[in-house]
Amino acid sequence: MVTGGAGGLGAATVRHLVGLGVGVAVFDRDGERAATLAKELGNAATAVAGDVNDDADVSAAIEAARQLGAFSLVVNVAGGATGGGRTVGRDGTPHDKAIFETTMAMNAFGTFNVSRLSAAAMAGNEPDGDGQRGVIVNTASIAGLEGQTGQLAYAAAKGAILAMTLPMARDLAPSGIRVCAVAPGTMGTPLMMSVNEELKDHLTASIVFPKRMGRPEEFALLVESIARNPYLNGENIRLDGALRFPPK
């Protein structure tokens, strides 16, 4: 299952996994886009519309994934931001509390909710030779490590996802479920590629090499690597071309 599976990184991951012969449930709030992608990919994909914070919706997505084969991989890509702001603005206005709460819910809470329900389902799988029953790959951001001015809510939400990785891996070790997170830098999703050239130049200025935005397909390749390598566990992995965010 790929949450946020109809979006830029999510859709690239869905396509890549289907290309490897993996059946994928495309779970996304935008049911129409999810259905369009699933139709494009044929019988190897199925679409589920829903909210990652709704237990019934997540359970429906898990069941849809099970109809395609053993449910042993979940990739949490769903997330985003509803606005930024400084802790206290230049005019003295404190950060909007609702924006902070919503951003946490979209990212950290949703990732936690899908992970806990998916892990409970995977725990019933037959183990492989290493005792492995499943893999969870969560999506954070390098903003969770070096958030910029005005990114407080988003940085906190992505930082929470990174902080979950090791304790979740430890919690799920008895069930044979591995957990890793990917912290992408500036990725060339369709939304990011639609901005003007001046903004693109600004966004790529601090990227060391390759001197460009990351490709969604490169995110999907890392997901594959995590899924294939049974010794990757409890790790947060940067995918950023050696980018380090400046303060602003």
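Preceding block: the structure.
Residues numbered from 1 in each chain as written. Predicted model: local features only at pLDDT ≥ 70, side-chain atom pairs only at ≥ 80, totals over all residues. Heavy atoms only, no water.

Overview of the environment of alanine 35
You can see alanine 35 is positioned in helix H2 (residues 31-41). Counting along the chain gives 34 residues from alanine 35 to glycine 69, while the straight-line C-alpha distance between them is 19 Å. (Helix = DSSP H or I, 4+ residues; strand = E, 2+ residues; numbered from the N terminus.)

Brief notes about the pattern of salt bridges
Tallied over the entire structure, the rule returns 9 salt bridges. The partner of lysine 200 in a salt bridge is glutamate 197, with the nearest N and O atoms 3.3 Å apart. Residue lysine 200 and its partner glutamate 197 are both found in helix H8 (residues 197-204); the two are separated by 3 residues, about one turn of the helix. For lysine 200, a relative accessible area of 15% corresponds to the buried category. Aspartate 240 is the partner of arginine 244 in a salt bridge, and the nearest nitrogen-oxygen pair spans 3.4 Å. For aspartate 240, a relative accessible area of 13% corresponds to the buried category. Members of the salt-bridge network, linked through shared partners, are Glu146, Arg238, Asp240 and Arg244. (Salt bridge = Lys/Arg side-chain N within 4 Å of Asp/Glu carboxyl O. Buried < 20%, exposed > 50% of the residue type's maximum accessible area, 1.4 Å probe, protein only.)

Quick notes on the side chain of glutamine 132
Topologically, glutamine 132 is positioned in the loop between helix H4 (97-122) and strand S5 (134-139). Relative accessible area serves as the criterion here: at 17%, glutamine 132 is assigned to the buried category. Among the polar contacts made by the side chain of glutamine 132, one reaches the side chain of arginine 178 at a distance of 2.4 Å. (Polar contact = N/O pair within 3.5 Å; in protein donor to acceptor, adjacent residues only side chain to side chain.)

Focus on unusual backbone geometry
Here the bond from phenylalanine 209 into proline 210 is cis, since omega is -5 degrees, no more than 30 degrees from zero. Considering the arrangement of structural elements, one finds proline 210 in the loop between H8 and helix H9 (216-228). Non-glycine residue alanine 242 carries a positive phi angle of around 65 degrees. Note that alanine 242 resides in the segment after strand S7 (235-239).

Observations concerning the side chain of threonine 111
With respect to the helices and strands, threonine 111 occurs in helix H4. Relative accessible area serves as the criterion here: at 3%, threonine 111 is assigned to the buried category. Dropping the residues within four chain positions of it, threonine 111 is found in contact with Asn76, Asn138 and Ile161. (Contact = heavy atoms within 4.5 Å.)

Regarding the sheet that holds strand S1 (residues 2-3)
Here we have 7 strands laid out as an open sheet, ordered S3-S2-S1-S4-S5-S6-S7, and parallel in their pairing. Looking at which strands have only one partner, the edges of the open sheet turn out to be strand S3 (45-49) and S7. Sheet topology places strand S2 (residues 24-28) next to S3; 5 bridges connect them, and they run parallel. Each residue of the ladder has a partner; that of valine 26, found in S3, is alanine 47. Relative to strand S6 (residues 177-184), helix H6 (residues 152-172) is tilted by about 165 degrees, and along the sheet it contacts S5, S6 and S7. (Pairing = 2+ DSSP bridges. Axes fitted to C-alpha atoms, helices over the stretch in contact; angles between N-to-C directions.)

Topic: the nonpolar core
Counting residues in each nonpolar core, the largest one holds 28 residues, and the members touching the most others are Met1, Phe27, Ile62, Phe71, Val74, Ile136 and Leu172. At the level of secondary structure, the elements contributing two or more residues to this core comprise S2, helix H3 (55-66), H4, H6 and S6. For this core, the leading source of residues is H4, giving 7 residues. With residues up to four places along the chain from it excluded, the contact list for phenylalanine 71 reads Met1, Ile62, Ala65, Arg66, Ser118, Ala121, Met122 and Asn125. One finds Ala11, Val77, Val182 and Leu222 within the second-largest nonpolar core, a separate group that totals 27 residues. (Core = buried A, V, L, I, M, F, W, Y, C linked by side-chain atoms within 4.5 Å.)

Shape is all these values report; function is a separate question.
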